Amino acid sequence: MSLLIERIDHVVLNCRDVATIAAWYERALGMKCEAFGSDGRLALKFGNQKINLRPTGAPNWPTGAVDPPGSLDLCFITTQSPTRPSITCATAGLRSLPAPCNAPARSAR
């Protein structure tokens, strides 16, 4: 069975210097930088979209096995059961990371 992706929830951009990247996106592209979460993570918001800025090598922030500056993580929304994406990815030889919680899909930000 194929994976039924509804939409992209958000993108995570791995950065060497989060503050510098945030300032550039604000200045050059007019995005709004916001802190979120109990640890004050930063996200760039534009329209109903969001790009989370992740410091390369950040502990306790799940990402791929390699996270060089400029690499991206894509976070999808699916209406399938929480185990279906992991099974589908494993069958295709891919690794997926579960969402931080099994919360229902959020509306676009």
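Since this is a predicted model, take the numbers as computed values, not measurements.

## With respect to the pairing of strand 1 (residues 5-15)
Here is the key point about a regular strand: its side chains alternate between the two faces of the sheet.
Step number 1: In the sheet, strand 1 pairs with strand 5 (residues 72-78) via seven bridges, with the strands oriented antiparallel. Counterpart to V11 in the pairing with strand 5 is L74.
Step number 2: Where strand 1 meets strand 4 (residues 49-55), five bridges bridge the pair, whose relative direction is parallel. What sits directly across from C15, in strand 4, is P55.

## Things to note about a nonpolar patch on the surface
Step number 1: Together, I5, I8, L74 and F76 make up a nonpolar patch on the protein surface, roughly 360 Å² of accessible area in all.
Step number 2: Put simply, the parts of the chain that give the nonpolar patch at least two residues each are strand 1 and strand 5.

## Overview of the nonpolar core
Step number 1: One finds L13, C15, V18, A22, Y25, M31, L44, I51 and L53 forming the largest nonpolar core, which totals nine residues.
Step number 2: When residues of this core are traced back to their parent elements, those giving at least two are strand 1, helix 1 (18-29) and strand 4.
Step number 3: Residues contacting L53, with those up to four places away along its chain left out, are L13, C15, V18, I21, A22, L42, A43, L44 and W61.

## Side note on the pattern of salt bridges
Step number 1: Applying the stated criterion to the full structure yields five salt bridges.
Step number 2: In this structure, E34 and K32 form a salt bridge, with 3.5 Å as the shortest nitrogen-oxygen distance.
Step number 3: A relative accessible area of 28% means that E34 is categorised as partly exposed.
Step number 4: Taken together, the shared-partner salt bridges connect K32, E34 and K45 into one network.

## Quick notes on the sheet that holds strand 3 (residues 41-46)
Step number 1: The strand order 2-3-4-1-5 describes an open sheet built from five strands, whose pairing is mixed. Looking at which strands have only one partner, the edges of the open sheet turn out to be strand 2 (32-36) and strand 5. Going across the sheet, the axis of each strand differs from the next one's by a mean of 30°, ignoring polarity.
Step number 2: As paired strands, strand 2 and strand 3 are joined by five bridges and run antiparallel to one another. Bridged to F36 within strand 3 is R41.
Step number 3: Across the sheet, helix 1 is in contact with strand 1, strand 2, strand 3 and strand 4; its angle to strand 4 comes to roughly 155°.

## Some remarks on the side chain of N52
Step number 1: Secondary-structure assignment places N52 in strand 4.
Step number 2: Accessibility expressed as a relative area gives 5% for N52, which makes it buried.
Step number 3: A polar atom in the side chain of N52 sits 3.4 Å from the side chain of H10.
Step number 4: Setting aside residues no more than four positions away along its own chain, N52 makes contact with H10, V11, V12, L13, F36, L42, A43 and W61.

Procedures and definitions
- Residues numbered from 1 in each chain as written.
- Predicted model: local features only at pLDDT ≥ 70, side-chain atom pairs only at ≥ 80, totals over all residues.
- Heavy atoms only, no water.
- Pairing = 2+ DSSP bridges.
- Helix = DSSP H or I, 4+ residues; strand = E, 2+ residues; numbered from the N terminus.
- Patch = residues over 30% accessible without salt bridge, like charges linked within 9 Å, V, L, I, M, F, W, Y side chains within 5 Å.
- Areas by Shrake-Rupley, 256 points an atom, 1.4 Å probe, with all protein chains shown as cover.
- Salt bridge = Lys/Arg side-chain N within 4 Å of Asp/Glu carboxyl O.
- Core = buried A, V, L, I, M, F, W, Y, C linked by side-chain atoms within 4.5 Å.
- Buried < 20%, exposed > 50% of the residue type's maximum accessible area, 1.4 Å probe, protein only.
- Contact = heavy atoms within 4.5 Å.
- Axes fitted to C-alpha atoms, helices over the stretch in contact; angles between N-to-C directions.
- Polar contact = N/O pair within 3.5 Å; in protein donor to acceptor, adjacent residues only side chain to side chain.

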